[in-house]
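For reference, the chains in residue letters:
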Amino acid sequence: MTDVLIMPWQSRHAAAWRSLNEDWLLAGGYVLEPKDQLVLGDPQGSILDKGGFIFIAERGGRPVGCCSLMAMADGGYEVGKMAVVEGARGLNLGWRLLEACEAAARAAGAPRLYLETNTAQTHAIALYRRFGFVDLPPQPTPYARCDVWMEKRL
């Protein structure tokens with residue numbers, strides 16, 4: 001899979017960042033909630049400037065996947081906005097994006113990775129469990145669609 005690179009966010013990725021995430025949210029029957037609008041419309045201000053990270057998977061120079069780490073008050077990072085286009089699924093990109101997230105979080109000294117999702121995201125949940133995430137009891141969330149909470153201690 002040498003034709004796929006996982007790289008840090010660059011401003012040239014802004015349109016792809018928005019479209020990759022809007023596509024999976026809308027295809028899943030979800031609405032774009034206020035926090036979605038914020039992080040998709042201003043990734044620099046809402047994620048990067050607050051100590052977070054965004055990783056983009058490029059295949060042949062074209063963005064085909066993404067994932068973000070949002071800094072949390074406890075020093076951990078929330079994994080969010082993971083998406084892989086349909087034509088690039090099955091290439092292990094979700095795993096590779098999670099590896100990039102974990103490496104960045106460990107380098108920052110984070111105690112954990114945290115995420116929120118929905119029970120309908122069965123493939124994503126299976127990936128998260130294989131990667132070492134465990135279920136948590138319900139947590140406060142800005143997302144109406146969230147009904148699964150998970151973490152991975154680092």
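Our structure's up above, just so we're on the same page.
My aim in this report is to walk through the structure given alongside it, one point at a time.

Parameters at a glance
Residues numbered from 1 in each chain as written. Predicted model: local features only at pLDDT ≥ 70, side-chain atom pairs only at ≥ 80, totals over all residues. Heavy atoms only, no water. Helix = DSSP H or I, 4+ residues; strand = E, 2+ residues; numbered from the N terminus. Expected span 1.5 Å × (residues − 1). Buried < 20%, exposed > 50% of the residue type's maximum accessible area, 1.4 Å probe, protein only. Contact = heavy atoms within 4.5 Å. Phe/Tyr/Trp six-rings, centres within 6.5 Å; stacked < 30°, edge-to-face > 60°. Lys NZ or Arg CZ within 6 Å of the ring centre and 35° of its normal. Pairing = 2+ DSSP bridges.

Side note on helix α1 (residues 14–27)
In an α-helix, one turn spans 3.6 residues; hence positions three or four apart end up facing the same way.
For step 1, the next point in the chain: Under the 1.5 Å per step criterion, the end-to-end length of α1 is 20 Å for 14 residues, consistent within 8% with the ideal 20 Å.
For step 2, the next point in the chain: Every buried residue of α1 is listed here: A16, W17, L20, N21, E22 and L25.
For step 3, the next point in the chain: Taken together, the buried residues of α1 touch α2 (34–41), α3 (43–46), β2 (53–59), β3 (62–71) and β4 (77–84).
For step 4, the next point in the chain: Taken from the residues just after α1, G29 is the one with a positive phi, measuring 85°.

Comments concerning the packing of aromatic side chains
For step 1, the next point in the chain: Taken as a whole and assessed by the stated rule, the structure comprises 7 aromatic pairs.
For step 2, the next point in the chain: Seen from their ring centres, W95 and F131 are 4.8 Å apart, and the 80° between their planes marks the pair as edge-to-face. Placement of the pair is W95 in helix α4 (residues 93–107) and F131 in the loop between α5 (122–130) and β6 (134–136), with a sequence separation of 36 residues.
For step 3, the next point in the chain: Look at W95 and you get partly exposed, because its relative accessible area is 25%.
For step 4, the next point in the chain: Residue classification places F131 among the buried positions, given a relative accessible area of 6%.
For step 5, the next point in the chain: If you follow R145 out to its NZ or CZ, it ends over the ring of Y30, 5.8 Å from the centre.

Comments concerning the pairing of β2
For step 1, the next point in the chain: A large share of β2 lies buried, amounting to 5 of its 7 residues.
For step 2, the next point in the chain: As paired elements, strand β1 (residues 4–8) and β2 share 5 bridges and run antiparallel to each other. Paired with M7 across the two strands is I56, which belongs to β2.
For step 3, the next point in the chain: The hairpin turn running from β2 into β3, its antiparallel successor, is 2 residues long, and G60 in that turn takes a positive phi close to 60°.

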